[in-house]
Each structure stands twice: as C-alpha cells, then as structure tokens.
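Overview (structure and organization)
Read off the chains here:
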Amino acid sequence: MTVRLLPRSRVNYTWKRLVGSLFVREKSVYCKRLKRLLAQYFGVADVVLTSSGRNSLFLLLSYLHHKKVIVPSYTCKAVTEAALMAGKQVVYVEDFNILPEKLVHLVDDDSIVIATHQYGNPCRIEEICDICRKAGALVIEDCAASLGTVYNGKLTGLFGNYAFFSFDSTKLVTVPSKGGFIIAADAAEFHAIEQHVMECRIPGIRFRLKHTVIGMIYLVLRNKIIYRIFHYVTMQRKGKAQLDDKHALNLVPDDYYRYRMAAWQAYMAIPQIEILPELIERRKMMYHYYDEHIRNTRVLRKPVVCSEACCIKYAILVKDKKRFYDACLEKGVDMAFSFSYTVCPRSCEHASDIAAEVLNIPFYWGLREKDMERVVSIINWLAAEIGR
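Reading guide: rules and limits
- Residues numbered from 1 in each chain as written.
- Predicted model: local features only at pLDDT ≥ 70, side-chain atom pairs only at ≥ 80, totals over all residues.
- Heavy atoms only, no water.
- Helix = DSSP H or I, 4+ residues; strand = E, 2+ residues; numbered from the N terminus.
- Rg over C-alpha atoms; globule rule 2.2 N^0.38 Å.
- Buried < 20%, exposed > 50% of the residue type's maximum accessible area, 1.4 Å probe, protein only.
- Contact = heavy atoms within 4.5 Å.
- Areas by Shrake-Rupley, 256 points an atom, 1.4 Å probe, with all protein chains shown as cover.
- Pairing = 2+ DSSP bridges.
- Right-handed = clockwise from strand over helix to strand, strands pointing away.

Let us look at the overall build of the protein chain. Counting its secondary structure elements, the protein chain contains 14 helices and 12 strands. Since a compact globule built from 388 residues should have a radius of gyration of about 21 Å, the 20 Å found for the protein chain is in line with a globular shape. Counting every position in the protein chain, which comprises 388 residues, the buried fraction comes to 57%. Relative to all contacts within the protein chain whose residues are 6 or more apart in sequence, the contacts with residues 24 or more apart total 75%. Carbon and sulfur atoms provide 54% of the accessible area of the protein chain, an area that totals close to 16,900 Å².

Further remarks concern the pairing of strand E2 (residues 68-72). E2 sits mainly inside the fold: five of its five residues count as buried. Side-chain alternation along E2 places Lys68, Ile70 and Pro72 on one buried face and Val69 and Val71 on a second face that is also buried. As paired elements, E2 and strand E3 (residues 89-93) share five bridges and run parallel to each other. When the sheet's bridge partners are listed, Ile70 is paired in E3 with Val91. Taking the sense of rotation as the criterion, the β-α-β connection linking E2, helix H4 (residues 77-85) and E3 turns out right-handed. As paired strands, E2 and strand E4 (residues 111-116) are joined by three bridges and run parallel to one another. Directly across from Lys68, in E4, lies its bridge partner Ser111.

These results come straight from atomic positions and should not be treated as a statement about function.
The following block contains the structure:
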C-alpha cells in the first residue's frame, strides 16, 4: 500500500480566503455582490441565496401548493427528503435523467417535476417543459450538479419555472460547508421567494466556528499523506467507504435547512464566481481527457460525453465494485460513492443497477495532470486484470 492517497475530492478555496472570512461582518455587502455576479452570469434580474441546494428545493416546494413531486429514481436522497419535509407526495420515474415520454400520462396540474441534470449531464429539458406546460404542471430544474452546463445554446437553470443550484465540497463552486441559490423564470416571484427564505435564521457564531473548522479540515486534507491517515482512521479500519453511510431517509432539519447563507460564505464564493468560465473549461478539459484515455472493457463502462456539459463527476460503472475500489486504494487513488444506495422503491431496477456499480474518480479543480495520468493508468490496469 502506498503512503500517499489521492483524495476523492478537494475544495477550491484557499487558506488566505478562509482566514479572511473570519473578519467578515454579517451586515457586509458580500451577499449582494454574490447575487449580482450570479444574476449577471445567467442574465436574470436577481437570484435568491440559500444555505444549500437541498434547502433551496425545500423552500421552493414549501412555497408551492402542488402536492405531487415527480423525481428520477436515481437521485440524491436529499431530493426525496426535501420533498417529504415539505409535505409532498413523491412519485419516482425510473431512470438516470427523466425521459420526457415517461411523463406524458403522469403529470397533471397538481404536479411538480424535478428535472435533474444528473452529475451535470443535461436532461431533455425542453421536451419536459413542453409536456408540463401543456398539463399545467411546474418544472424545477435540479442544477445542483450542472452549474455551467449548456443545452441547445442555453444555460441549464433557465428552462424551467424554477431552478436551484448547490455549492459544497464536491461541486464546481465550493463553500464551507454548503451554499446554494434559486432562480425563478417569473421575476415577479423573486420577492415572495426571498421573503420565504428570510424566515430561515441568520447563522450565529456557533455555526460559523463549526463550518470554518470543517473548511480548515478540507484544506489540510489536500495533503496526500494526511489524507491517507484520515481515510484509514475514519473509514478504512471501520470497513466503511463513506463517512456518511446511513441509507435511511433523514427527515430532521439540520444546519443546511435552518439557516440562510451567511455573508462570510458569500465572501468565500465570490472569487470562484469571478473565474467561473475558467472553472468550467478546466472541468470540461479533465472530462475529455478521461474519456479519451480510459478504456471501456467488460468490467468498466465510461459515462456518456456531452460537449456542452460541465460535469461535477466523472462516474464510471464497474463490475465487482468493492474489489476494484479496494485495489485502487492500495495503489493510492481514492474514489467517491455518490448515490451508491437509493431510496426509491425496489421495483426501480435500473437505479439499483447504477447504484451497485457506480464509482466517481478524482475530478476537481486542483487535480494535476500527473495525477490524472496516474488515475488513468491504475484504472485501465485494474480493469484489464479483473477482466481476465
């Protein structure tokens, strides 16, 4: 086993910015500045800042009177949790991204469709919106993973009635520990939605200290030796592959639901939004590098490629996932297990099949070319070995 372990994820922000955030007052201008930058990027009148992507969805669903929420079977469990906490009935459509043809006889004027752009890959959003418009249903775009993705010449988030986005340690923009924002197609609704968000509490000193410390931990874990020790102590020796390996739904609101986005968190996000085109192009370059060099085999399948997608994950499907993952750890590469379990009914076999095989390889802003070459080399070698 190698001493160094390449982390599964890394944050974009720096020690200098995190330390600087300690001196940001809550009544400073940073939230307004972040709102302005995001509104300019999307070409909209305004955006509504929130404490997380999941809280964005919860607040939107609480604001809307429709009772039925339609989601893809393969999705983050936080989507289902937010819908249930908002008092909605959840209906699953079996697929990775919802296919429009599966909605035709399902939506009505009491429906909200969560159109997820899973991992940043766009769904057929124009067709989904057309079907929903004819039925009187609403569309909320789940853009938690698709900031910067373009579909038919238009940014995701600008198609549906509403859209929500997420900032956390695995996303395009990273904020300790999470953040998010909402876009509404009807500018007249911004004030009502923002008033709804203002019912959330202003984060206090305890929240600030807790999430600043978490931010510091993420920065320390950039070091591959320290990350190896952390991984062994918190996961490997306990037989775990994830820090949070709880499969059950959690319907108790936590920090990411109770509060608004803090000014110091907006301060952390601003430099990243200012270089957003650079972040997007870097992700696209890495995605295409992996696609060009990783080989499809009987054991491993690569993800689809969409030239206009800005994906936050490069997700491979592998047979004998546990063996493959353990071998990667031995060689010094960690991988993430996003959505390796689902909360949809067992009858959703396609979602279960994806969850059983998916692994997310290292894919983030600070990933160096030589690290990418090593990842490719190890993956191709292992796929060939296991496939023999």
